[in-house]
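Breakdown of the fold
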Amino acid sequence: MSLRNSSFLLLVLFYACGTQAPQMLNLDTAKKLIQNYYEGGLFDKECAEAINVGIAEIEKLKLSRNSAVVFDIDETVLSNYEHTKELGFGYVYDLYEKWLRQGEAKAIPETKRFYNWLVQKNIKVIFLTGRQAGDFASTKKNLLNEGFTNFDTLIVRSEQTRKIPAAEWKAIERERLTKNGYEIIACIGDQWSDLVGGYTGIKIKLPNNLYIIE
Ligand SMILES: [Mg+2]
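Presented here is an overview of the structure given in this document. (Residues numbered from 1 in each chain as written. Predicted model: local features only at pLDDT ≥ 70, side-chain atom pairs only at ≥ 80, totals over all residues. Heavy atoms only, no water.)

A separate point is the sheet that holds strand β1 (residues 67–71). What the five strands build is an open sheet, ordered β5-β4-β1-β6-β7; its pairing is parallel. Lying at the two open borders of the sheet, with one neighbouring strand each, are β5 (153–157) and β7 (202–205). The sheet shows a mean angle of 20° between the axes of neighbouring strands, taken without regard to direction. Taken together, the four bridges between strand β6 (residues 183–189) and β7 define a ladder with parallel strand orientation. Along β7, the bridge assignment pairs Ala186 with Ile202. Strands β1, β4 (124–132), β6 and β7 of the sheet are contacted by helix α6 (residues 109–120), whose axis makes an angle of about 165° with β1. (Pairing = 2+ DSSP bridges. Helix = DSSP H or I, 4+ residues; strand = E, 2+ residues; numbered from the N terminus. Axes fitted to C-alpha atoms, helices over the stretch in contact; angles between N-to-C directions. Contact = heavy atoms within 4.5 Å.)

In structure tokens form, the structure reads like this:
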């Protein structure tokens, strides 16, 4: 077969594959899979694995008085799973805001274990969340009620920074924290936007099969 013929064949194959219907999953089946994942122990198991790797990496570091770990909040420290499930695994902005302001989200157990380990090692804890300024009070109350009583800072989005993409905003805040003297040794989050850009240290990525923030 000539080069020209084989290129043509590849082109035909490419288009043939491109027109194939993707393998579909019934929405009810998908919801059941998600529910089993979160309620059957697999979510906790995957969190534990990611956190154990992170702890092993941190243990290799030489720590300073200003060593700090940056935590995202939603689906990292606090779980919105119950709220999402109540809506049939949906999202409604106003209802979500109302839920945040109730401040009743439960701690994610494996993250709580990691937090306890850091506190016991005298490593500083910083919360950096895309939640808005109006959610500050309920978020703080929620964290305290769930036992996160020992942290340095809770940073939420100001009105002026609302339009900046999540990853970019978090990197700006981490740079500011570093310039203020913190040595960020690790970041933990459920979205890659929590973990890209500078000043992250070790990256601990938790699973999130509910939504993606870009
Ligand atoms: Mg999150």
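This part covers the packing of aromatic side chains. On inspection of all chains with the given rule, the structure shows twelve aromatic pairs. Ring plane angle 55° and centroid distance 5.9 Å describe the contact between Tyr81 and Phe89, whose orientation is recorded as tilted. Residue Phe89 is classed as partly exposed on the basis of its relative accessible area of 23%. On the numbers, 4.8 Å between centres and 65° between planes, the contact of Tyr115 with Phe148 is edge-to-face. Of the two residues, Tyr115 sits in helix α6 while Phe148 sits in the loop between α7 (136–145) and β5, which places them 33 residues apart along the sequence. One exposure class covers both Tyr115 and Phe148, and it is buried. In this structure an aromatic cluster arises from ring pairing among Phe71, Phe114, Tyr115, Trp117, Phe127, Phe148 and Phe151. Over the face of the ring belonging to Phe148 we find Lys112, whose NZ or CZ atom lies 5.6 Å from the ring centre. (Phe/Tyr/Trp six-rings, centres within 6.5 Å; stacked < 30°, edge-to-face > 60°. Buried < 20%, exposed > 50% of the residue type's maximum accessible area, 1.4 Å probe, protein only. Lys NZ or Arg CZ within 6 Å of the ring centre and 35° of its normal.)

Right, let's get into the coordination of the magnesium ion. Protein coordination of the magnesium ion is provided by Asp72 (OD), Asp74 (O) and Asp190 (OD), with donor distances spanning 2.0 to 2.2 Å. Binding-site remark: the magnesium ion is held by donors from one chain whose sequence spacing is D-x1-D-x115-D. Pair noted here: Asp72 is in the loop between β1 and β2 (78–79) and Asp190 is in the loop between β6 and β7, with a separation of 118 residues, a long-range link. Given the relative accessible area of 2%, Asp190 is considered buried. (Donors = N, O, S within 2.8 Å, 3.2 Å for Na, K, Ca; no water.)

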